[in-house]
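# Structural overview for review
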Amino acid sequence: MAEHRYDPHEIEPRWQELWASEHTWEVSNRSGAGEEEGGLSGLPRSDADERESYVLEMLPYPSGEPHIGHLKTYSVGDAIAHFHRRLGRRVLHPMGYDSFGLPAENHAIKTGVHPRVSIAESIDSFRRQFHSWGISIDWSRELATSDPSYYRWTQWIFLELFRAGLAYRKEAAVKWCPKDQTVLANEQVDADGRCERCGSIVEVRQLEQWFLRITDYAERLLNDLDGIDWPEHVKTMQRNWIGRSEGAEVTFRCEDLGIDYPVFTTRPDTLFGATFFVMAPEHPDVLRLTQGTGQEQAVHEYVNRALNETNEERGNADRPKTGVALGRTVRNPVNGEQIPMYVADYVLMEYGTGAIMAVPAHDERDHAFATAFGLPIRRVIEGPPSEGEDGEQAATGEQGLPYAGEGRIVNSHPDFDGMDSREARTAIVAWLDREGNGHASVNYRLRDWLVSRQRYWGCPIPILYCERCGIVPVPEDQLPVELPDIEDYTPKGRSPLAAAEEWVNTSCPACDGPARRETDTMDTFVDSSWYFLRYCDAGNEEAAWDPAALREWMPVDQYIGGVEHAILHLMYARFFTKALADLGQLDFQEPFQALFTQGMVTRDGAKMSKSRGNVVSPAAIVERVGADTARCYILFVGPPDQDADWSEEGVEGVHRFLARLWRLAAETAERPGGSGGPLTQPPAVEGDEELLRKTHWAIDKVTGDLRRFAFNTAIAAVMELLNEASRLRDSASVEALRFALASAASLLFPFAPHVSADVYERLAGERVWEQPWPEADERLLERDVYELVCQVNGKVRDRVQASADASPDALKELCRAAPNVRTHLDGREVVKEVVVPGKLVNLVVR
Ligand SMILES: [Zn+2]
Ligand SMILES: [Zn+2]
């Protein structure tokens, strides 16, 4: 019986080689993009007689070898890709690598190995493993973002944005990682104010930087979330990140210096309660304001100290408030009062304008500051009297402050006193507007995207600086600006590229005079903000894409990736798509129509990490039990959107299941009538009905589960089907057994493609991936649910839907709960229950 031993190491390479040699998973573009000029470009989508489907997992960062999280992501994506193919769709399922970035550069600093070399090694390893996992990838579209043939178009997009005014340069206080020696985006600083990559405490520096104007898109990025099929928690994270709030911008004037300071407030109804004014330590005017006031030294020291604190420390409401007076005042536009100015670290530059009007009676942090500094606290809103207190006093005196709720306006202005605070907001803003002191305004937490990085291993920014012409974009026909080879990658507070003198010094394309190249490179999130577009037309050397190719495939029908990308990558990709649409480069607004976020794989309840020593390497597990077991297990272990804990027993269980399926199929195939010939449903002869019913139940269940990503229960259903086939192997006909087992393989194919292909071929002599997805026979399903007759004292009182596998107890409950049965029970005692499963329940009452 040696030949009936399930051997994944024989089965898996055999199928992988076939798929590779036949290019099974490659799809061409209908438009024939780049082949015929004019040609089929512009083919309307309705002309397609089949539907296209674009299934995409987030591209991996190639560092070392793939880890278990990759195995899960690509197992999920592959299951969906196979399912869509067998539903008759043309599926685009490509692969590429996010190959610029810090890990490769840091590796280079440590070892001296050029990032290009280490990246290439890692990509080889990823490619080999994806192949050994049997992932159905269209390799003809493979790309790497660090390849000049790719980043040429990243640079082109940058220049498009630059020309449209969406890329601009400005000096800004930036977050700086002292260890990595680079600027970080706000998003790359964690809640503790530490560098997301290395954990160092982040500092603040003033540098001239490139920004992308994502804030212009805040409203659309917010509103368009409504039209896409994404998990609600991801949409919520995006909404919170955009952070829209409505209020007013009000101008406070520093009359000494003649400077206007606008502030954003969501509570213009409290303007009359503003008793001081606070600026963030990063505010560019803070030091200037103190000149000649005698406060210079104190303010300077305070600012330096504050900039080294984390945003979390600074934002902590419980912390004692600190600050220093600037020695200046501003005029409150609503009452003309001169109120003192302070610098204090509880005000953050990222919010609003970096300055606030402080209303200590109605804001907790302003109240704490006023108390610490002995500043006046003026109530301007009277809340409803609270219980158990002398209402009038509580609402009007110092008690109960700060009060952040709504109420009646007091101590403000005869025009507004007595108004409800909500009404007063509108009235006060209208008045400010008339007087030229402010206007209604919407504020976003979203900031423009800082894309400059002082690092080597990134996409060069295609900009020149000419002494005469200033900022000059590199002409399109000179792209790509290739990254030069350098010797020394060590960060020195400026880009290592600055040391490549021959590369840096060039001539200006406009005036031919001397010019210098931009030495910063782009944030790697720029590279991954458009890669899904390039896959549609990856070989195009004339353009980033042919619009017809995008029309054919975009938007991505199903995007799959980790929830850790819920904010940055997804926001940036949406921004690029909208900006490119505005520039006429594409004609859709959202890149990813549906999103699935998979959970983590943990071990013993903890995240896998080298330091914990609990890492499961996909290569080792595939080597030991085969790719089918590994893939099937990782989808079986729990709902794939949840975190799941790795268990060796679970792996063994799945392995035994696949081995049993394969063995039973091999044995059946050897029986007369057990193999050959396309699979058709055998007639339901006596003795076969049970197995056929189970088969159709499984078809129905797996189909439904696949549509809702319940891969774990789908695989469990195939296990159940196999159990039934095993149990009935001697009583059922060989035709029915063949049908059941081949159907099991057909249903299992998206999860365990090699063994499924093998089993199906043995039994049906055909390629399972070329077969349409099986359809459940409704006639064989209908007994799954039946009409249960509900009787009381032998009289039919109601009929309810009951499931075929419901237990007698469940049937009794169903009967008792039926509306018309309940009215006939009406408090009477049930003395006897008669259950005839599949038919009726009779309740005997007294
Ligand atoms: Zn760092
Ligand atoms: Zn010039």
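Here's what I pulled together on the structure shown here. Since we're looking at a predicted model, the values are computed, not measured.

### Quick notes on the overall build of the protein chain
When you go through the protein chain residue by residue, the secondary structure sums to 28 helices and 32 strands. With the principal axes as the frame, the protein chain shows a C-alpha extent of 105 × 90 × 55 Å. Looking at the protein chain as a whole, 54% of its 846 residues qualify as buried. Contacts spanning at least 24 positions in sequence make up 73% of the contacts within the protein chain whose residues lie at least 6 apart. Of the roughly 35900 Å² that the protein chain leaves accessible, carbon and sulfur atoms contribute 47%. Each charge class in the protein chain can be summarised by its mean position, and for the 90 positive and 135 negative side chains these summaries are 4 Å apart.

### Focus on unusual backbone geometry
A cis geometry characterises the amide bond from Leu-401 onward to Pro-402, with omega recorded as 0 degrees. Inspection of the secondary structure puts Pro-402 in the loop between helix H12 (391-396) and strand S15 (408-409). In this structure, Asn-411 takes a positive phi of about 50 degrees despite not being glycine. On the secondary structure map, Asn-411 appears in the loop between S15 and helix H13 (421-435). Unlike most non-glycine residues, Asp-512 shows phi in positive territory, near 70 degrees. Along the chain, the position of Asp-512 falls in the loop between strand S21 (505-507) and strand S22 (514-517). Overall, Asp-512 belongs to the exposed group, its relative accessible area being 63%.

### Quick look at the coordination of the zinc ion (ligand 1)
Protein-derived ligands of the zinc ion (ligand 1) are Cys-177 (SG), Asp-180 (OD), Cys-195 (SG) and Cys-198 (SG), with the metal-ligand distances lying across 2.2 to 2.3 Å. Each of the four donor atoms bound to the zinc ion (ligand 1) contributes to angles spanning 99 to 115 degrees, and the resulting shape is tetrahedral. Read N to C, the donor residues that coordinate the zinc ion (ligand 1) are spaced as C-x2-D-x14-C-x2-C. On the criterion of sequence distance, the pair formed by Asp-180 in the loop between strand S5 (167-177) and strand S6 (182-184) and Cys-198 in the loop between S6 and strand S7 (203-212) is long-range, its members being 18 residues apart.

### Some points on the coordination of the zinc ion (ligand 2)
Surrounding the zinc ion (ligand 2) are the protein donor atoms Cys-466 (SG), Cys-469 (SG), Cys-508 (SG) and Cys-511 (SG), at 2.2 to 2.4 Å. Look at where the donors of the zinc ion (ligand 2) fall in the sequence and you get C-x2-C-x38-C-x2-C. A residue pair is termed long-range when its members are at least 10 positions apart, and Cys-466 in strand S19 (residues 463-466) and Cys-508 in the loop between S21 and S22 qualify at 42 residues. Here Cys-466 and Cys-508 have matching classes, each one buried.

The rules behind these values
- Residues numbered from 1 in each chain as written.
- Chains lettered and ligands numbered in written order.
- Predicted model: local features only at pLDDT ≥ 70, side-chain atom pairs only at ≥ 80, totals over all residues.
- Heavy atoms only, no water.
- Helix = DSSP H or I, 4+ residues; strand = E, 2+ residues; numbered from the N terminus.
- Buried < 20%, exposed > 50% of the residue type's maximum accessible area, 1.4 Å probe, protein only.
- Contact = heavy atoms within 4.5 Å.
- Areas by Shrake-Rupley, 256 points an atom, 1.4 Å probe, with all protein chains shown as cover.
- Lys, Arg positive; Asp, Glu negative; His and termini not counted.
- Charge placed at Lys NZ, Arg CZ, Asp CG, Glu CD.
- Donors = N, O, S within 2.8 Å, 3.2 Å for Na, K, Ca; no water.
- Tetrahedral: all angles 85-135°; square planar, octahedral: opposite > 155°, others 65-115°.

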